[in-house]
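Examination of the molecular architecture
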Amino acid sequence: MASYIPIFLMIGIGLFLGIVFLTLHKILGPSRPNPEKLSTYESGVPPVHNARDRFSIKYYMVAVLFILFDIEVVFLYPWAVNFRALGLFGYIEMLLFIVILFVGYFYIWKKGALQWD
Amino acid sequence: MTFEQIVFYSLAVVTIFSSIMVVVQRNPVNSALYLILDFFCLGGLYLTLNAQFIAIVHILVYAGAIMVLFVFVIMLLNLGDTHKLADRLNMKKIIGIAFGLAFFVELLYLLGFGTTRSISQQSPAAPEIGTIEYIGKVLFTKFLFPFEVTSFLLLAAIIGAVILAKKKIIH
């Protein structure tokens, strides 16, 4: 547990700095709001309508596929750490795993699921 | 109190608080933000149980990736009007309370009412089980078959996602 102290220290300093900067801004910064300043920033263009709109399924598609391959990468970590100990057998195992997922990747590719038309 | 206990109790309090806030919040986006806090605290709790790998994967996959999905679902369902959701959940509420109570009783039972083995005791092998080296060693030798089956599970999920979201084929 004691070996995690540096990590907690980092998190703590990060939180502390964030809070300090925000409160400093609150105290020192001038506050002169007007309707233009308070409106939603939309790349400099006046906002058209509510941002709570229905989004295209394409965004969700990319997110779901990202997660699935993210999980694949998670499995690579314990394998990489033990790469030497597991030897050729472990290499073939992981190759099999990746080939099966590559079939999925090929399917996505051929199906055009990542195409943004 | 030892250092471990202080860490555990402070994390536990924040976890319970953020879990309650996830359920109570009216705005689904606020619920999602509290869920991120919840995931981070759970990651910390895994660390106190010497499960470093689970802790970091939990934060990477759940707080990083699964949360993106939740936010997307909020956006896709267009839950801007929160009043629409209210007043239709009576039956769900009753079922939820019943299941919650059942789970609570189960927890009490496990925590030492009438059992010989208490779950509050840590296994003597715990410090090494959670390390990434140990997980890798058992995953690629003893649990080789479940690991390979996982790839088929992920493949099925990929195909399912594509079929659900992409009805027409593009050429």
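In the block above lies the structure referred to throughout.
Below: a short report on this structure. Because the structure is predicted, anything quoted here is derived from the model rather than measured.

Points about the overall build of chain B
Counting its secondary structure elements, chain B contains seven helices and zero strands. Relative to its 171 residues, chain B shows a buried fraction of 29%. Entry remark: accessible area of chain B is about 11,600 Å², with carbon and sulfur atoms responsible for 73%.

Quick notes on the interface of chain A and chain B
On the chain B side, the residues contacting the 48 residues of chain A number 49 residues. Buried area between chain A and chain B, both sides added, is near 4,500 Å², and the carbon and sulfur share of it is 78%. Between chain A and chain B we count zero salt bridges in total. In this structure, the connection of chain A to chain B is made through one residue pair in polar contact (both at pLDDT 80 or more). Elements with a contribution of two residues or more to the side of chain A that touches chain B: α1 (5-28), α3 (57-81) and α4 (83-111) of chain A. Ranked by residues supplied to the side of chain A that touches chain B, first place goes to α3 of chain A with 20 residues. Tallied by class, the residues present in the side of chain A that touches chain B amount to 34 nonpolar, five polar and nine charged.

Describing the environment of Pro127 of chain B
With respect to the helices and strands, Pro127 of chain B occurs in helix α5 (residues 126-129). Residues Pro127 of chain B and Lys142 of chain B, 15 residues apart in the sequence, show an inter-C-alpha distance of 19 Å.

Observations regarding the side chain of Glu72 of chain A
With respect to the helices, strands and loops of the structure, Glu72 of chain A is situated in helix α3. The buried charged residue Glu72 of chain A lacks any salt bridge, with Lys110 of chain A as its nearest oppositely charged partner at 19 Å. Here Glu72 of chain A is in contact with Phe97, Ile98 and Leu101 of chain A together with Leu154 of chain B, once residues within four sequence places are set aside.

What to know about the packing of helix α2 (residues 28-48) of chain B against helix α3 (residues 52-77) of chain B
How two helices pack is summed up by the angle between their axes together with the distance between the axes. All names here are of chain B. Direction vectors running N to C along α2 and α3 enclose 170°, while the axes themselves pass 8 Å from each other. Relative to α3, the element α2 is oriented roughly antiparallel. Facing Pro28, Val29, Ala32, Leu35, Ile36, Phe39, Phe40, Leu42, Gly43, Tyr46 and Leu47 of α2, the residues of α3 in contact are Gln52, Ile54, Ala55, His58, Ile59, Tyr62, Ala63, Met67, Phe70, Val71 and Ile74. Taken together, the residues of the contact of α2 with α3 sort by class into 19 nonpolar, three polar and no charged.

Scoring rules and cut-offs
- Residues numbered from 1 in each chain as written.
- Chains lettered and ligands numbered in written order.
- Predicted model: local features only at pLDDT ≥ 70, side-chain atom pairs only at ≥ 80, totals over all residues.
- Heavy atoms only, no water.
- Helix = DSSP H or I, 4+ residues; strand = E, 2+ residues; numbered from the N terminus.
- Buried < 20%, exposed > 50% of the residue type's maximum accessible area, 1.4 Å probe, protein only.
- Areas by Shrake-Rupley, 256 points an atom, 1.4 Å probe, with all protein chains shown as cover.
- Contact = heavy atoms within 4.5 Å.
- Buried area = accessible area lost by both parts, 1.4 Å probe.
- Salt bridge = Lys/Arg side-chain N within 4 Å of Asp/Glu carboxyl O.
- Polar contact = N/O pair within 3.5 Å; in protein donor to acceptor, adjacent residues only side chain to side chain.
- Nonpolar A, V, L, I, M, F, W, Y, C, P; charged D, E, K, R; others polar.
- Lys, Arg positive; Asp, Glu negative; His and termini not counted.
- Axes fitted to C-alpha atoms, helices over the stretch in contact; angles between N-to-C directions.
- Parallel < 35°, antiparallel > 145°, perpendicular 65-115°, else oblique.

The analysis is restricted to geometry; functional conclusions fall outside its scope.
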